[in-house]
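Reading the structure
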Amino acid sequence: MLPVGDLVLLDPLTEESLLQTLQERFRRSNIYTYIGNVVISVNPYRSLPIYTPETVQEYRNCNFFAVKPHIYAIADDAYRSLRDRDRDQCILITGESGAGKTEASKLVMSYVAAVCSKGEEVDKVKEQLLQSNPVLEAFGNAKTIRNDNSSRFGKYMDVEFDFKGEPLGGVISNYLLEKSRIVRHVKGERNFHIFYQLLAGGSAQLLQQLKLRQDCRHYGYLNRESSGLPGMDDAANFRAMQVIGFSPAEVTALLEVTAVVLKLGNVQLSSSYQASGMEASSIAEPQELQEICELIGLDPAVLERALCSRTVKARNEMVLTTLSVPQPGKQRKVMGVLDIYGFEIFQDNGFEQFIINYCNEKLQQIFILMTLKEEQEEYVREGIQWTPVEFFDNSIICNLIENSKCGILAMLDEECLRPGVVNEDTFLTKLNQLFATHKHYESKETQNARRVMDATLPSQCFRIHHYAGKVTYNVTGFIEKNNDLLFRDLSQAMWASRHELLRSLFPEGDPQKVSLKLPPTAGFQFKASVATLMKNLYSKNPNYIRCIKPNETKTGMLFTPELVLAQIRYLGLMENVRVRRAGYAFRQLYDSFLQRYKMLSPRTWPHWTGSHREGTKVLLEDLAFPPEELAFGHTKIFIRSPRTLFDLERRRQERVAELATLIQKTFRGWRCRTQYQLMRKSQIIISAWFRGHMQKNRYKQMKRSALIIQAYARGWKSRRLLRELKSQCHRHAAATTIAAYWRGYQVRRAYRRYFRSGASTRLANFIYQRLFLVGLARNLPPLSVMDRTWPPAPYKFLADANQELRSIFYRWKCKKYREQLTPQRRALLQTKLHASELFKDKKALYSKSLQQPFQGEYLGLTQNPKYQKLHAVAKDKLVMADTVRKVNKANGKMVPRLLLLTTEHLVLADPKAAQPKMVLSLGDISSISVTRFSDGFLALHLKETSTGGAKGDFLLISDHLIELVTRLHKTLMDTTAQKGAMTITVVESAKAGTNIPVCKKKGSHKMEILVQ
Ligand SMILES: Nc1ncnc2c1ncn2[C@@H]1O[C@H](COP(=O)(O)OP(=O)(O)OP(=O)(O)O)[C@@H](O)[C@H]1O
Ligand SMILES: [Mg+2]
């Protein structure tokens, strides 16, 4: 049967049974065992298949006691308390060096990272938290005799979570790195991993850049030995190391500083003598110094001076690394994981071991105070019946070391600051005096005083009886390490370099910030930071992981009972089990308890009006837990077994789920109702609109149909009416026709006898007339006025009518012809008509003149510039212009003359000069005589009263006689409007009568002209 997982259930409870249980469990690879909620972890020194993702799932939200003890269970419990109960948590991992603390802390972190939710930001935070480990280990861990990967610094990792339990960021605090390891470490141990990793894993190019050689044996700080570790691949570790949050430039700077440290180890000082004969030191390896200075950008002379005049010491500090900048204003919960260097006892223990063990002593004190002392005191305080359990309280040891007045650290500080000769001897003497009777302090002197013979305690040492064993400390180097002073010229030399990182490491080297105040000692600083840490841890809910180292040889699955027993004893596990057994697993103030669980009873839910204590009582009564499980203190309720608590928690969860369901139900109901009401309202509105719309449509359709029906009906009615009216009309028309026929018939009958005589003749006439007229219309002669043809009358009796029609037609033709004449043509024709009236059948020349058109203007007065003057005389009154010949009355000779006839004058002009020779007013012409023949003679008879008349008549010959005489006559007629004012006489032949043409000469003498 598997031994109990919780040692509280161990029966019988003895050291042997406890040891056996652990051993048996260990043999079966169950390395974890509980004491209540404290986990005991025994280092298996080999990897076990119990950290798989499946295991993580198994322990996720598990019941702490329902599953096998595991480190994941405590991690889960802490995480859930943090998330659900809002309590900051800390996980304290204790145990001696090599017991598995660092591994345990990594397991806790990886579990928390695995169970909290995922997301880009969260993953980044988780990555940073997990990946910070390899870097920290590279720079802070080293192989010691006790542990191949021993932490040489304390590490406290605070992870911050938001209210949902998602990590927001973290703060890692480092405590006092064992810096002396850099310059010195014992055989079989190693320097910090980073040096070996850098040399083994750095590429050739990187090493060249850092001016390093790959061979470890070259470097003094690495003890000039090649020290690879079995199971630790330095090269792979270096390559795998993800330096989170650093830029490539920062990583290079970091490695450069690392390389400089390594190389400084090779700078040897050699003794020499100055010219004065004084002893001095000088650099034995100028090449190395040169390279260092090249790396950090410093003048070699400066460094040489600084090195040769002082010695180098490491400095002590607390480094604070912020992984991500915390965001203010958010409610945060914190889970701290403390992994500190374990308690260690070496052959030769120095200042570092003293500090390390002091720190472990403090952690043990926390454990004792919180789980043993404080718990028991609380029972008493709360009035719970309690039988005290004896335990060893290590406060006395803590006090021995840290008492601010007379503690070892205070003494050390005092010695360091004291003027005068200061060395370890005076310090030891002081301690011997102070603690001569102290139970936990021993030295050669106190032993001698007590007459104890002990060869194991050398004179330079003191021994402290720690909780975990007696440790002998060699005081050599205590004062120097505690002072931890870096001489100013050295830090100034470092500050003077051009290497930013290096400068930032030596701010005190800034000559402008020179402080005369001594820096606090290493011991003082450490004590202060441990005090802060303790305060921090006290403020949180502690969860313990107590690591046990099963053997000294780091052998897998080897269990050395003596070694484990010693650890069981000094860890106080027996006392722990006892207190746990008698005590109560859980306690809480009444109000917060009631607040958390009041929903489990109808009497306390939702409101309890009485006192919190009463409320708690009522609540637990209702839940019917066995009375021995509960105890009611003054201010707190105590629950004995975790099972009861888990039961309570389980019920609460169920109830919360129920309540949540109720809330959900109510809310969903409300939401559905509101939504339904909203939908209903909307539906009503929609249907109202829809119905309205539908009715409107229907109405429109009905209206349309009604209109169509109406239209049809009206159309039908109208048609019917129309038909009626039409038929009336037809009837009427028929009646009228019948009546007309009837009346006609009657009239015809009455008048028949009258019609019969002459009716046929009239009818025939009528018909013939019609035929004649129709035939005429079809057979009209051409419209030319010259055409005087006309069809003959077909019947004799139509001859008169035909003659009449002919003349009408001819007159009508002439009228048409006249209407289409132009005014000029009309005037011309009138002139021609005038000519015919004057000369037709009277003068032979007339028939010839018929062919000639009357041009009137034969001279071209307008075109010819010669006649301009004449034109001016005639102006627009010109009727005719022509050339005539004037017959000289005296000799009968003819002279050419230009004749212009205007509406008022007759002008005769000389053709050459175109000058008017004579102007006759038309009124002066009394008559004109022409012959009967076809000559062109013309005699102008002037009135005797006229001016021209005195000269006698004119005898002219014209080529256009007819035209000239006609125009003259017509003009005279038109202007004078006196008919017969001028006579035209056509003279017969001389023989024929008395009418001989007479032409008056000058002085009214008559001249007779014989015309043949
Ligand atoms: N749970 C484990 N499973 C397998 N091996 C383990 C486990 N815990 C520890 N080890 C082994 O023990 C070695 C030492 O463990 P670890 O470095 O955690 O000790 P430590 O308590 O931190 O010591 P120190 O105080 O020196 O730092 C580890 O390197 C590992 O090989
Ligand atoms: Mg460790």
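These numbers were taken from a predicted model, which means no experiment stands behind them. (Residues numbered from 1 in each chain as written. Chains lettered and ligands numbered in written order. Predicted model: local features only at pLDDT ≥ 70, side-chain atom pairs only at ≥ 80, totals over all residues. Heavy atoms only, no water.)

Looking only at helices and strands, one finds 32 helices and 28 strands in the protein chain. The globule rule puts the C-alpha radius of gyration for 1012 residues at 31 Å, and the 77 Å found for the protein chain is more than 25% above it. Taking the principal axes of the C-alpha coordinates as reference, the protein chain spans close to 225 × 115 × 50 Å. A burial count over the protein chain gives 46% of its 1012 residues as buried. A separation of at least 24 residues holds for 63% of the contacts in the protein chain among residues at least 6 apart in sequence. A total accessible area of about 54600 Å² is found for the protein chain, and carbon and sulfur atoms account for 56% of it. The average position of the 144 basic charges and that of the 101 acidic charges among the side chains of the protein chain differ by 29 Å. (Helix = DSSP H or I, 4+ residues; strand = E, 2+ residues; numbered from the N terminus. Rg over C-alpha atoms; globule rule 2.2 N^0.38 Å. Buried < 20%, exposed > 50% of the residue type's maximum accessible area, 1.4 Å probe, protein only. Contact = heavy atoms within 4.5 Å. Areas by Shrake-Rupley, 256 points an atom, 1.4 Å probe, with all protein chains shown as cover. Lys, Arg positive; Asp, Glu negative; His and termini not counted. Charge placed at Lys NZ, Arg CZ, Asp CG, Glu CD.)

Further remarks concern the coordination of the magnesium ion (ligand 2). Coordination sphere of the magnesium ion (ligand 2), protein contribution only: Thr102 (OG1) and Ser151 (OG), at 1.8 to 2.0 Å. Taken together, the residues span a long stretch of sequence, with Thr102 in helix H4 (residues 101-115) and Ser151 in strand S5 (residues 150-151) at a distance of 49 residues. Ser151 gets classed as buried once you look at its relative accessible area, which sits at 7%. (Donors = N, O, S within 2.8 Å, 3.2 Å for Na, K, Ca; no water.)

The UniProt entry lists Gly95, Glu96, Ser97, Gly98, Ala99, Gly100, Lys101 and Thr102 under the feature "binding site: ATP" (unreviewed entry), expressed in the numbering used here. Relative to the assigned elements, Gly95 resides in the loop between strand S3 (89-94) and H4. For Gly95, a relative accessible area of 3% puts it in the buried group. Sequence-distant contacts of Gly95, defined by excluding residues within four places in its chain, comprise Lys101, Gly342, Phe343, Asn360 and Cys547. You can see Glu96 is positioned in the loop between S3 and H4. By relative accessible area, which is 7% here, Glu96 ends up buried. Residues within four places of Glu96 in sequence aside, it is in contact with Lys101, Arg146, Gly342, Phe343, Cys547, Lys549, Gln567 and Tyr570. (UniProt positions renumbered as here; feature names shortened; annotations may be inferred.)

Attention now moves to the packing of aromatic side chains. Under the definition given, this model contains 30 aromatic pairs. When the centroid spacing of 5.4 Å and the interplanar angle of 45 degrees are considered together, the rings of Phe26 and Phe559 count as tilted. Taken as a pair, Phe26 in helix H1 (residues 15-27) and Phe559 in the loop between strand S15 (541-548) and helix H22 (561-571) lie far apart in primary sequence, 533 residues in all. A relative accessible area of 10% places Phe559 in the buried class. For the ring pair Phe354 and Phe462, a centre distance of 6.0 Å and an interplane angle of 80 degrees mean the geometry is edge-to-face. Of the two residues, Phe354 is situated in helix H13 (residues 351-381) and Phe462 in strand S13 (residues 461-466); the sequence distance between them amounts to 108 residues. Members of the aromatic cluster, each reached through a chain of ring pairs, are Phe351, Phe354, Phe427, Phe435, Tyr441, Phe462, Tyr473 and Phe478. Of note, Arg503 hangs over the ring of Trp495, and the distance from its end group to the ring centre comes to 4.3 Å. (Phe/Tyr/Trp six-rings, centres within 6.5 Å; stacked < 30°, edge-to-face > 60°. Lys NZ or Arg CZ within 6 Å of the ring centre and 35° of its normal.)

Note on placement: Thr521 falls in the loop between helix H20 (500-505) and helix H21 (522-538). On the basis of relative accessibility, which here comes to 6%, the residue Thr521 falls in the buried class. Thr521 has contacts with Asp413, Asn482 and Asn483, leaving out every residue within four places of it along the chain. A distance of 3.2 Å separates a polar atom in the side chain of Thr521 from the backbone nitrogen of Phe524. (Polar contact = N/O pair within 3.5 Å; in protein donor to acceptor, adjacent residues only side chain to side chain.)

Attention now moves to the site of ligand 1. Near ligand 1 lie 19 residues; those nearest to it are Ser97, Lys101, Thr102, Ser150 and Ser151. Between ligand 1 and Ser97 there is a distance of 2.6 Å, counted from an oxygen atom to a side-chain nitrogen or oxygen. One nitrogen or oxygen atom from the side chain of Asn147 is found 2.8 Å from an oxygen atom belonging to ligand 1. Look at ligand 1: alone it shows 620 Å² of surface, and the protein chains cover 87% of it. Sorting the residues of the shell around ligand 1 by element identifies H4 and S5 as the ones contributing at least two each. (Near = heavy atom within 4 Å.)

Time to look at the environment of Ile71. One can find Ile71 in helix H3 (residues 71-85). Spatially, the C-alpha atom of Ile71 lies 9.6 Å from that of Tyr51, the residues being 20 residues apart in sequence. Setting aside anything within four residues of it in sequence, one finds Ile71 in contact with Tyr32, Tyr51, Ala104, Leu107, Val108 and Ile545.

Further remarks concern a positive patch on the surface. A contiguous patch of positive charge, built from Arg714, Lys717, Arg719, Arg720 and Arg723, is present on the exposed surface. The topology assignment puts Arg719 in helix H26 (residues 642-756). Note on Arg719: relative accessible area 47%, which makes it partly exposed. (Patch = residues over 30% accessible without salt bridge, like charges linked within 9 Å, V, L, I, M, F, W, Y side chains within 5 Å. Salt bridge = Lys/Arg side-chain N within 4 Å of Asp/Glu carboxyl O.)

A few words now on the pattern of salt bridges. Taken as a whole, this structure holds 48 salt bridges when the rule is applied. For the salt bridge of Arg463 with Asp454, the shortest nitrogen-to-oxygen distance reads 2.9 Å. One network of salt bridges, in which partners are shared, links Arg152, Glu178, Arg181, Glu189 and Glu344.

Looking now at the sheet that holds strand S14 (residues 469-474). Spatial strand order, S12-S13-S14: 3 strands in an open sheet with antiparallel pairing. Two strands in the sheet have a free side with no partner beyond their single neighbour: strand S12 (441-443) and S14. Geometrically, the sheet is characterised by an average inter-axis angle of 25 degrees between neighbouring strands, direction not taken into account. As paired strands, S13 and S14 are joined by 6 bridges and run antiparallel to one another. When the sheet's bridge partners are listed, His466 is paired in S14 with Gly469. (Pairing = 2+ DSSP bridges. Axes fitted to C-alpha atoms, helices over the stretch in contact; angles between N-to-C directions.)

What follows is about the sheet that holds strand S17 (residues 630-632). Each strand in a sheet pairs with its neighbour through backbone hydrogen bonds, running either in the same direction (parallel) or in the opposite one (antiparallel). Within the open sheet, the 3 strands sit side by side as S16-S18-S17. Their pairing is antiparallel. Of all strands in the sheet, those bounded by a partner on one side alone are strand S16 (586-589) and S17. With strand direction ignored, the average angle separating the axes of adjacent strands in the sheet is 15 degrees. One ladder, built from 4 bridges, connects S16 with strand S18 (residues 636-639); its direction is antiparallel. The residue of S18 that forms the bridge with Gln588 is Ile637. Sheet strands in contact with helix H24 (residues 590-597) are S16, S17 and S18, and its direction is about 100 degrees off that of S16.

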